[in-house]
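# Structural overview
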Amino acid sequence: MTDYFKGIPQIKYEGADSTNEFAFKHYNPEEIVLGKRMDEHLRFAVAYWHSFAYEGGDPFGGRTFDRPWFDGGMENAKLKADVAFEMFDILDVPFFCFHDLDVRPEGATFAESKRNLEEVVDYFAGKIESSKTKLLWGTANLFTHRRFMAGAATNPDPDVFAYSAATIKSCMDATIKLGGANYVLWGGREGYETLLNTDLTREADQAARMLEMVVNYKHKMGWDGQILIEPKPQEPSKHQYDFDVATVYGFLKRYGLENEVKMNLEQGHAILAGHSFEHELALAGSLGMLGSIDMNRNDYQSGWDTDQFPNNVPETALAYYEVIKSGGFGQGGTNFDARIRRQSLDPEDLILSHVGGMDICARGFKAAAKMFEDGKLEAARSERYADWDAPANQEMLSEGTLEDIAHRVETQNVNPEPRSGRQERLENLVNTYV
Ligand code: XLS
Ligand code: NI
Ligand code: NI
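Cut-offs applied
- Residues numbered from 1 in each chain as written.
- Chains lettered and ligands numbered in written order.
- Predicted model: local features only at pLDDT ≥ 70, side-chain atom pairs only at ≥ 80, totals over all residues.
- Heavy atoms only, no water.
- Helix = DSSP H or I, 4+ residues; strand = E, 2+ residues; numbered from the N terminus.
- Rg over C-alpha atoms; globule rule 2.2 N^0.38 Å.
- Contact = heavy atoms within 4.5 Å.
- Areas by Shrake-Rupley, 256 points an atom, 1.4 Å probe, with all protein chains shown as cover.
- Lys, Arg positive; Asp, Glu negative; His and termini not counted.
- Charge placed at Lys NZ, Arg CZ, Asp CG, Glu CD.
- Patch = residues over 30% accessible without salt bridge, like charges linked within 9 Å, V, L, I, M, F, W, Y side chains within 5 Å.
- Salt bridge = Lys/Arg side-chain N within 4 Å of Asp/Glu carboxyl O.
- Near = heavy atom within 4 Å.
- Nonpolar A, V, L, I, M, F, W, Y, C, P; charged D, E, K, R; others polar.
- Axes fitted to C-alpha atoms, helices over the stretch in contact; angles between N-to-C directions.
- Parallel < 35°, antiparallel > 145°, perpendicular 65-115°, else oblique.
- Left-handed = near helix turned anticlockwise from the far one by under 90°.
- Polar contact = N/O pair within 3.5 Å; in protein donor to acceptor, adjacent residues only side chain to side chain.
- Donors = N, O, S within 2.8 Å, 3.2 Å for Na, K, Ca; no water.
- Tetrahedral: all angles 85-135°; square planar, octahedral: opposite > 155°, others 65-115°.
- Buried < 20%, exposed > 50% of the residue type's maximum accessible area, 1.4 Å probe, protein only.
- Pairing = 2+ DSSP bridges.

This next bit is on the overall build of the protein. For the protein, the count of helices and strands is 16 helices and 14 strands. Scaling as 2.2 N^0.38, a compact globule of 434 residues should have a C-alpha radius of gyration of about 22 Å, and the protein matches this with 24 Å. With the C-alpha coordinates aligned to their principal axes, the bounding extent of the protein is approximately 85 × 60 × 45 Å. If you take every contact in the protein between residues at least 6 apart in sequence, the share linking residues at least 24 apart comes to 75%. Working note: accessible area of the protein is about 21000 Å², and carbon and sulfur atoms make up 51% of it. Within the protein, the 69 negative side-chain charges are centred at a point lying 2 Å from the centre of the 45 positive side-chain charges.

What follows is about a negative patch on the surface. On the surface, Glu395, Glu399, Glu403 and Asp404 cluster together into a patch of negative charge. Relative to the helices and strands, Glu403 is located in helix α15 (residues 402–411).

Lining the immediate surroundings of ligand 1 are Trp49, His99, Trp137, Trp186, Glu230, Lys232, Glu266, His269, Asp294, Asp305 and Asp337. If ligand 1 stood free it would expose 300 Å²; the protein chains cover 94% of that surface. Here the residues of the shell around ligand 1 are counted per class, giving three nonpolar, two polar and six charged.

All right, on to the packing of helix α11 (residues 313–325) against helix α12 (residues 347–374) then. Contact pair α11 / α12: the axes reach a minimum separation of 7 Å and the direction vectors enclose 55°. On the basis of their axis angle, the class for α11 and α12 is oblique. In the crossing of α11 with α12, the sense of the turn from one axis to the other is right-handed. Counting all contacts with α11, which are made through Val313, Thr316, Ala317, Leu318, Tyr320, Tyr321, Ile324 and Lys325, the residues of α12 involved are Ile360, Cys361, Arg363, Gly364, Phe365, Ala367, Ala368, Ala369, Met371 and Phe372. Taken together, the residues that form the contact of α11 with α12 break down as 14 nonpolar, two polar and two charged.

This part is about the side chain of Gln226. Structurally, Gln226 is set in strand β10 (residues 226–229). Among the polar contacts made by the side chain of Gln226, one reaches the side chain of Asn182 at a distance of 2.8 Å. Those residues in contact with Gln226 that lie beyond four places of it in its chain are Ala181, Asn182, Tyr183, Lys262, Gly291, Gln331 and Gly332.

With that out of the way, let us pick up the coordination of the nickel ion (ligand 3). Within the first shell, the nickel ion (ligand 3) binds the protein through Glu230 (OE), Glu266 (OE), Asp294 (OD) and Asp337 (OD), at distances of 2.0 to 2.1 Å. Classification of the site at the nickel ion (ligand 3) rests on its six donor atoms, whose angles at the metal span 81 to 174°, yielding the label octahedral. Here the donor residues of the nickel ion (ligand 3) share one chain and are spaced in sequence as E-x35-E-x27-D-x42-D. A distance of 3.7 Å spans the gap from the nickel ion (ligand 3) to the nickel ion (ligand 2), which Glu266 bridges by coordinating each metal. Note that Glu230 is positioned in the loop between β10 and β11 (239–240) and Asp294 in strand β13 (residues 290–295), a separation of 64 residues in sequence. With respect to class, Glu230 is no different from Asp294; both count as buried.

Before going further, it helps to examine the environment of Val214. You can see Val214 is positioned in helix α7 (residues 200–220). Given a relative accessible area of 4%, Val214 falls into the buried group. With 13 residues separating them in the primary sequence, Val214 and Ile227 have C-alpha atoms 8.2 Å apart. Look past the residues within four positions of Val214 in its chain and what remains in contact with it is Ile168, Met172, Leu185 and Ile227.

Right, let's get into the pairing of strand β6 (residues 95–99). Burial within β6 is extensive, with five of its five residues counted as buried. Side-chain alternation along β6 places Phe95, Cys97 and His99 on one buried face and Phe96 and Phe98 on a second face that is also buried. Pairing of strand β5 (residues 44–47) with β6 involves three bridges; the strand directions are parallel. Considered in β6, the bridge of Ala45 is made with Phe95. With five bridges joining them, β6 and strand β7 (residues 134–139) adopt parallel strand pairing. Its bridge partner lying in β7, Phe96 is registered against Leu135.

Below is the structure:
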């Protein structure tokens, strides 16, 4: 036991009337909703990078946090792991997620970095054995070190492509060894700073080749985890290739990988792409591409990817509604890709941010479940399209030709009568749940 969280109790569900800061008011892991426990629906995960590696920096200033595991080598990596698993335990969170760089010291060579990762992974494996917390997903950090400044798979330098492939292999090995459920690829620098020096055709082919090798390796290892791409339109790149769900789907189709890869969707990234989170989720659901989510929110004034904890029930309700509609998470989950603000210095802040986030998600989820069970929204949606059931209309979608349709419109005097879209009525309906 470290003494990092000393005095902080295990967080328990106490119900909506509780005034205890260190308690869940809405997230009751055992509560049965839609026939399943809440913890099995939501599958919460803590993001290692934000909670244990983030130092409090912003573009104008460096470290504000004072964590005893910052700086230094393997001893501190293990101290960090000890504290991390203590936090998982306090929150009773079923999963965590990590990048290689979050958990191990960077070595002087690739081989040394790999050995460091293996040592930490062995340490994690020991902890996972006696912990309730498992690995939701692993990933490689292919964006922080300067070698990746012009991309990883899409770099003009083939040595960077090779270094990235080797890094991905070691991170997939770590994920598989730890029993992870998914492997995520987020290409923060797979894009460009200026088109003037960029060959779009080559870079797309390189990205596809890397992904194909990842998929092949997954199959070779007989691993049943999901490979997930996480879309984001920009930041840190001026333009990122995996812009949004639609773009990623087009890319996967172009290279024949659409049945091998799904997506990890992030609230803040959807907003940066000019969409709502529910748009991205609905489209992924419709394409059969929804794998997992990164839950957070951006600051709506600054326009940056500020990775704050969610705190808006109506927004999370609409997001979870789409998740429920597409059949739930399966192997995915709700990863808090969220960090506390740089003035939130205390160990309590780390805990209570997650408590609040989990409660907000639980409220949103329960509202969404109720809305789904009642079926009124879906009934209204179906009714809007009901005329398509008529045989003459079905025919337009199958063998009808332009000439047939033109003939029918003319001879039967088809004359469309506009109908209300009822938007406000539907908004009112949704507001009865949230
Ligand atoms: C950054 C991304 C990153 C991925 C994992 O914006 O959200 O945190 O989730 O590499
Ligand atoms: Ni992000
Ligand atoms: Ni993310």
